Structure formats: structure tokens, C-alpha cells
Amino acid sequence: MNFYDFLWSSVRKPKLIVEYARQVGVDAEIDENADFYERLRQVAILSVKILRAEMSQLDVEIPQAEERCREVVRFVLEALQDLKEAGKDVEGIEAPRC
């Protein structure tokens, strides 16, 4: 499973991304009882935090890092579009620059 698919799976099962975030040193909580759009919003924000944490731990650039970044950008842009179309809050969501 690529990271993009992992992020979408995490919208359905937030424990996945919360556990992963903790492994890379990011404190995270997502309300599993929130509606789909709120979980999507929270996963989008958390995905960028995770990416930044992972990148800060690298001593050198690696090809996989660029691919990971592109997957996060794709996910965040799709999440933003879905949230906007549903009339939901997009505050705090920003796609990273790769």
C-alpha cells in the first residue's frame, strides 16, 4: 500500500495514522466518532505534520521522500476539494511544497 492509500484508509480507521504519527514523533489525536468530513480534515492536517517530521529526520535527500511528498500533496488537494464541495471547514489545511 502506498502512503496515499494509507491516508485514505486512515480516514476510515483513524487509529492507523495516529499510531504512525506517534512512531515518527508527532503527537496526534483524531476523534473516531467524528463524521467522515471531520476525520478527512484531521487526517489531511496530520499528514502534513507527519511529512514534515519525517523530512526533518533525514540527513540527505532520498527519492522516496519526494514521492511521499507528492502523495501527501495529492491527498491534501483531494481532501480540500471534497471538503469545499461539501461546504465544510478547510481552515488549517495546507498542501506541502515538494
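Higher on the page you've got the structure.
Residues numbered from 1 in each chain as written. Predicted model: local features only at pLDDT ≥ 70, side-chain atom pairs only at ≥ 80, totals over all residues. Heavy atoms only, no water.

*Asks:* Describe the overall build of the protein, naming the residues involved and giving the relevant values.
*Replies:* Helices and strands together make up the secondary structure of the protein, namely four helices and zero strands. Helices (α) and strands (β) of the protein occur, in sequence order from the N terminus, as α-α-α-α. Expressed along its principal axes, the backbone C-alpha trace of the protein runs to roughly 40 × 25 × 25 Å. Every one of the 98 residues in the protein was classed for burial, and the buried ones make up 44%. For the protein, the exposed surface amounts to about 6,200 Å²; the carbon and sulfur share of it is 45%. Within the protein, one finds 14 positive and 20 negative side-chain charges whose respective centroids are separated by 2 Å. (Helix = DSSP H or I, 4+ residues; strand = E, 2+ residues; numbered from the N terminus. Buried < 20%, exposed > 50% of the residue type's maximum accessible area, 1.4 Å probe, protein only. Areas by Shrake-Rupley, 256 points an atom, 1.4 Å probe, with all protein chains shown as cover. Lys, Arg positive; Asp, Glu negative; His and termini not counted. Charge placed at Lys NZ, Arg CZ, Asp CG, Glu CD.)

*Asks:* Please set out the packing of helix H1 (residues 3-12) against helix H3 (residues 36-56) residue by residue, giving values where relevant.
*Replies:* H3 packs onto H1 with a crossing angle of 140° between their chain directions and a minimal axis gap of 8 Å. The angle between H1 and H3 places the two elements in the oblique class. The handedness of the crossing between H1 and H3 is right-handed. For the pair H1 and H3, the contacting residues are Phe3, Leu7, Trp8, Ser10, Val11 and Arg12 in the first and Phe36, Arg39, Leu40, Val43, Ser47 and Ile50 in the second. Residue composition of the contact of H1 with H3, by class: eight nonpolar, two polar and two charged. (Axes fitted to C-alpha atoms, helices over the stretch in contact; angles between N-to-C directions. Parallel < 35°, antiparallel > 145°, perpendicular 65-115°, else oblique. Left-handed = near helix turned anticlockwise from the far one by under 90°. Contact = heavy atoms within 4.5 Å. Nonpolar A, V, L, I, M, F, W, Y, C, P; charged D, E, K, R; others polar.)

*Asks:* So what about the packing of aromatic side chains? Which residues, and what values?
*Replies:* Within the structure shown, the criterion is met by five aromatic pairs. Each ring, one from Phe3 and one from Tyr20, has its centre 5.9 Å from the other, and the planes form 55°; the classification is tilted. With Phe3 in helix H1 and Tyr20 in helix H2 (residues 15-23), the pair connects residues that are 17 residues apart, well separated along the chain. Relative accessible area serves as the criterion here: at 22%, Tyr20 is assigned to the partly exposed category. An aromatic cluster of at least three residues, connected via ring pairs, comprises Phe3, Phe6 and Tyr20. The ring of Phe3 has Arg68 sitting right over it, with the charged end atom 3.8 Å from the ring centre. One residue, Arg74, lies across the ring of Tyr4, its end atom 3.7 Å from the ring centre. (Phe/Tyr/Trp six-rings, centres within 6.5 Å; stacked < 30°, edge-to-face > 60°. Lys NZ or Arg CZ within 6 Å of the ring centre and 35° of its normal.)

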